[in-house]
Amino acid sequence: MTSDLFAGTYSRGEAADAVSGRGWLNAMLLVEAALARACAGEGLVTGAAADAVERVCAAAMDGGIELQAIAQAGAEHATPVVPLVTELRSRVGPEFAAAVHLGATSQDIIDTAAMLVVRQAVSILGEDARAAAGACALLAQVHVETPALGRTLLQPALPTTFGHKASVWAATVTDALDSLEAVAADVVAVQMGGAVGGRPPAVGARVAQELGMAHPSVAWHTNRVRIARIAAALGVLTGALGKVARDVTLLAQGEVGEVHEGGPPGRGGSSAMAHKHNPVAAVSVLACSRRVPGLVATMLVNMEQEHERAAGAWQAEWGTLSELLSLTGSAAAWAADLMTNLEVDPERMRANLAELADTEKP
């Protein structure tokens, strides 16, 4: 995961909180509470037992349970669910301990928690990405008739308008975000297959209802299409944001000078060259987007999983998915900042067009 020293670049925005250790633990507690209620609904535990589990889970959220202790103990089991269940059973006491985690396997809890984390993070980063697209669309409207030089293969081409360029940016980000949101809505589902995926569906259906998720007809313990689709869609969105940021860095070059980054006073200063104004927001978007494809590839490789439960590939998803969501969220937050504060120089655009026209005269 991202070091705190570099969090300003890689963990901007609120999506990083959703995928933090505490975010994951809170999601797991929500799943355990929903499972207890579902079991009570099926008559497998008493209502009093379900209430006790729910109270303990609620009390354990947001600091009510020591995250580091769960993490350290979880390393001895290759899953944090084992020590979490042990702690919850201790807290509800002997009378209701059997109602905790009834009939579930560790993967049921983590996969369902992962879907909660994905849903929350996509909602958060989606707001920032939509803000970036909206800022691009506004630039397109304002500069619909602002003449600018088109460039193909990084060479001067024919005249266009800055509004057209900005409209392409808006469409690129919007298309990618629409795709991500559609994928998230389609794949977010409960995992409640039990030890080897054959648990009767009644409890899972109730858990799905409790959490507002879909309930698939077959357990997806080693069918990782859902997770892979989310990863790929995150990669597409960061790629779209990276396209916008790359154009900005090219347009902001001193030799071009057609746009400049805004933002707080002092941003973009150099440690060695006082005259520089570096495009920090665009660079940060690109720093995030460059890291994402490798993580997407890892998620695709992780689809190869053995029989009914993976030995390593599933465990490799947790941190990878968290980084994907955090980096995409950071790229979206930086892009919203970038495009909302972008300063456009129409006079420089006209001057660059005129300079090209002069060089083409016989």
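Residues numbered from 1 in each chain as written. Predicted model: local features only at pLDDT ≥ 70, side-chain atom pairs only at ≥ 80, totals over all residues. Heavy atoms only, no water.

*Asks:* Looking at this structure, how should I read the packing of aromatic side chains?
*Replies:* Working definition: an aromatic ring pair is given by the centre-to-centre distance plus the angle between the planes. Under the defined criterion, the tally for this structure stands at two aromatic pairs. Ring centres of Phe-162 and Trp-169 lie 5.7 Å apart, and the angle between their planes is 85 degrees; this geometry places the pair in the edge-to-face category. Here the two residues Phe-162 and Trp-169 agree in accessibility, since each one is buried. Residues Trp-314 and Trp-318 carry aromatic rings whose centres are separated by 4.9 Å and whose planes lie at 85 degrees to one another, so their mutual orientation is edge-to-face. On the basis of relative accessible area, Trp-314 is assigned to the buried category, the value being 4%. The ring of Trp-334 has Arg-12 lying over it, and the distance from NZ or CZ to the ring centre is 3.9 Å. The positively charged end of Arg-291 is found above the aromatic ring belonging to Tyr-10, 4.5 Å away from the centroid. (Phe/Tyr/Trp six-rings, centres within 6.5 Å; stacked < 30°, edge-to-face > 60°. Buried < 20%, exposed > 50% of the residue type's maximum accessible area, 1.4 Å probe, protein only. Lys NZ or Arg CZ within 6 Å of the ring centre and 35° of its normal.)

*Asks:* Mind showing me how you'd approach the pairing of strand E2 (residues 155-161) here?
*Replies:* Side chains on a regular strand alternate between the two faces of the sheet. Pairing of strand E1 (residues 147-152) with E2, which is carried by five bridges, proceeds in the antiparallel orientation. Directly across from Pro-147, in E2, lies its bridge partner Thr-161. As consecutive antiparallel partners, E1 and E2 are separated by two residues, and within that stretch Leu-153 has a phi angle of approximately 50 degrees, a positive value. (Pairing = 2+ DSSP bridges. Helix = DSSP H or I, 4+ residues; strand = E, 2+ residues; numbered from the N terminus.)

*Asks:* Honestly, helix H4 (residues 47-60) in this entry has me stumped. Any pointers?
*Replies:* Taking 1.5 Å per residue as the helical rise, H4 with its 14 residues ought to reach 20 Å, and the 20 Å between its terminal C-alpha atoms agrees with that figure. Every buried residue of H4 is accounted for by Ala-49, Ala-50, Ala-52, Val-53, Val-56, Cys-57 and Ala-60. End-on, the buried residues of H4 take up no more than an arc of 160 degrees, which puts them together on one face. In this structure, H4 carries Arg-55, Ala-58 and Ala-59 as exposed residues pointing more than 90 degrees from its buried face. Buried positions along H4 lie against helix H3 (21-41) and helix H6 (81-92). Where H4 terminates, the next one or two residues include Asp-62, which has phi positive at roughly 50 degrees. (Expected span 1.5 Å × (residues − 1). Arc of directions from axis to C-beta. Contact = heavy atoms within 4.5 Å.)

*Asks:* Mind showing me how you'd approach the packing of helix H10 (residues 225-251) against helix H12 (residues 315-340) here?
*Replies:* To characterise two packed helices, one gives the angle between the axes of the helices and the distance between these axes. Axis separation between H10 and H12 bottoms out at 10 Å; the angle between their running directions is 30 degrees. Viewed along their axes, H10 and H12 adopt a mutual orientation that is roughly parallel. Like other packed secondary-structure pairs, H10 and H12 cross with a definite hand, here left-handed. Here H10 contributes Ile-227, Ile-230, Ala-231, Leu-234, Leu-237, Thr-238, Leu-241, Val-244, Ala-245 and Val-248 to the contact with H12, which in turn contributes Glu-317, Leu-321, Leu-324, Leu-325, Thr-328, Ala-331, Ala-332, Ala-335, Leu-338 and Met-339. Looking at the contact of H10 with H12 residue by residue, the classes come out as 17 nonpolar, two polar and one charged. (Axes fitted to C-alpha atoms, helices over the stretch in contact; angles between N-to-C directions. Parallel < 35°, antiparallel > 145°, perpendicular 65-115°, else oblique. Left-handed = near helix turned anticlockwise from the far one by under 90°. Nonpolar A, V, L, I, M, F, W, Y, C, P; charged D, E, K, R; others polar.)

Spatial relationships are all this shows, so hold off on functional conclusions.
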